[in-house]
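Overview (structure and organization)
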Amino acid sequence: MTKTLIIILLCAFHFTVAQSNEEIVQKACEVQTKWGFKAKNKNIITLIDFSKSINEARLYVIDLKSNKILLASNVDHGSGSGTGLTPSSFSNIEGSKATSLGCYLTLQTYQGMWGYSLRLDGLENDKNSNALKRNIVVHSSKKMFSKFSWGCFSVPDSNANTLINLIKNGSLIYAYQ
């Protein structure tokens, strides 16, 4: 390849990443506008884009003060949502082991069977209102038996504590496809 072609490809890649980041920040601003009145921490929003593959970063923590993505991570979906690369269905039903979409409020942390974890309250009656009853939480995937959760947002162990500490105690999580 010539140097010129390499430079053009690198510039195109940079533009695509920058454009994608701008779209993510814009989506976070839209979520804040709609749901921000529920949040104690109005500066941090987490987006989870389930249209992306389980094998790529699809969870983003956004700082709305600086309009920057603070953390991007892989995140699992529930086995009840399908065992493909992207979830095929969603549910709010207890025992479904499926992921639920919609807006969540982060609550307190605790030490549980998955280690350091974060409780979530579902804010949408028709989408995720049973999150507390279903014990849908954010936790590390380190001790899991497969790469699919039982509906929780499990992330790689290397990101789990950092993620939980960034978003705990009253920020919003918005899961969508």
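In the block above lies the structure referred to throughout.
Residues numbered from 1 in each chain as written. Predicted model: local features only at pLDDT ≥ 70, side-chain atom pairs only at ≥ 80, totals over all residues. Heavy atoms only, no water.

**A word on the side chain of D76**
The condition is simple: Numbering of helices and strands starts at the N terminus; helices are DSSP runs of H or I of at least 4 residues and strands are runs of E of at least 2. Relative accessibility under 20% of the residue-type maximum defines a buried residue, over 50% an exposed one, and the middle range a partly exposed one, all with a 1.4 Å probe and only protein chains included. By the counting scheme adopted, Arg and Lys are positive, Glu and Asp are negative, and His together with the chain ends is not counted. The rule for a salt bridge is simple: a side-chain nitrogen of Lys or Arg has to be within 4 Å of a carboxyl oxygen of Asp or Glu. Each polar contact in these results corresponds to two N or O atoms within 3.5 Å; when the atoms are within protein, one needs to be able to donate a hydrogen and the other to accept it, and residues that are neighboring in sequence are counted only if both atoms are side-chain atoms.
Mapped onto the secondary structure, D76 falls in the loop between β3 (68–73) and β4 (102–112). Of the side chains with opposite charge, R58 comes closest to the buried, unpaired D76, at an N-O distance of 5.8 Å. A polar contact is formed between the side chain of D76 and the side chain of S154, at a distance of 2.6 Å.

**Structural notes on the nonpolar core**
Quick note on the threshold: To form a nonpolar core, buried Ala, Val, Leu, Ile, Met, Phe, Trp, Tyr and Cys residues must be joined to one another through side-chain atoms within 4.5 Å. Residue contacts are counted whenever heavy atoms from the two residues lie within 4.5 Å of one another.
Residues I48, L59, L120, V138, F153 and L163 are the most contacted members of the largest nonpolar core, which totals 23 residues. Elements supplying a minimum of two residues to this core: β1 (44–49), β2 (59–63), β5 (115–122), β7 (153–155), α3 (157–167) and β8 (172–176). Of the residues forming this core, the biggest block, four residues, is contributed by α3. If we skip the residues at most four places from it in the chain, V138 touches Y116, S117, L118, L120, F153, L163, I164 and I173. Within the second largest apolar cluster, 17 residues are counted, among which are I24, A28, V31 and Y174.

**Describing the sheet that holds β7**
Which entries qualify depends on this criterion: In this analysis, strands are considered paired if DSSP registers two or more bridges between them. Lines fitted to the C-alpha atoms define the axes, with helices restricted to the stretch that makes contact. Angles between their N-to-C directions range from 0 to 180 degrees.
The eight strands are arranged β3-β2-β1-β8-β4-β5-β6-β7 in an open sheet whose pairing can be described as mixed. Only two strands of the sheet have a single neighbouring strand rather than two, namely β3 and β7. Strand-to-strand, the axes of this sheet are offset by a mean angle of 25°, without reference to chain direction. Relative to β2, β1 is paired through five bridges, and the arrangement is antiparallel. Within β2, the residue paired with I45 across the bridge is I62.

**Let's talk about α3**
Defined as follows: Working note: the arc is built from the helix axis to C-beta atom directions.
Residues of α3 that are buried include every one of N159, A160, L163, I164 and I167, and no others. Projected onto a plane normal to the axis of α3, the buried residues spread over an arc of 125° and lie on a single side. Following α3 by one or two positions, N169 adopts a phi angle in the positive range, close to 65°.

**A closer look at unusual backbone geometry**
In this structure, N67 takes a positive phi of about 55° despite not being glycine. Inspection of the secondary structure puts N67 in the loop between β2 and β3. Look at K97: it is not a glycine, yet its phi comes out positive at around 55°.

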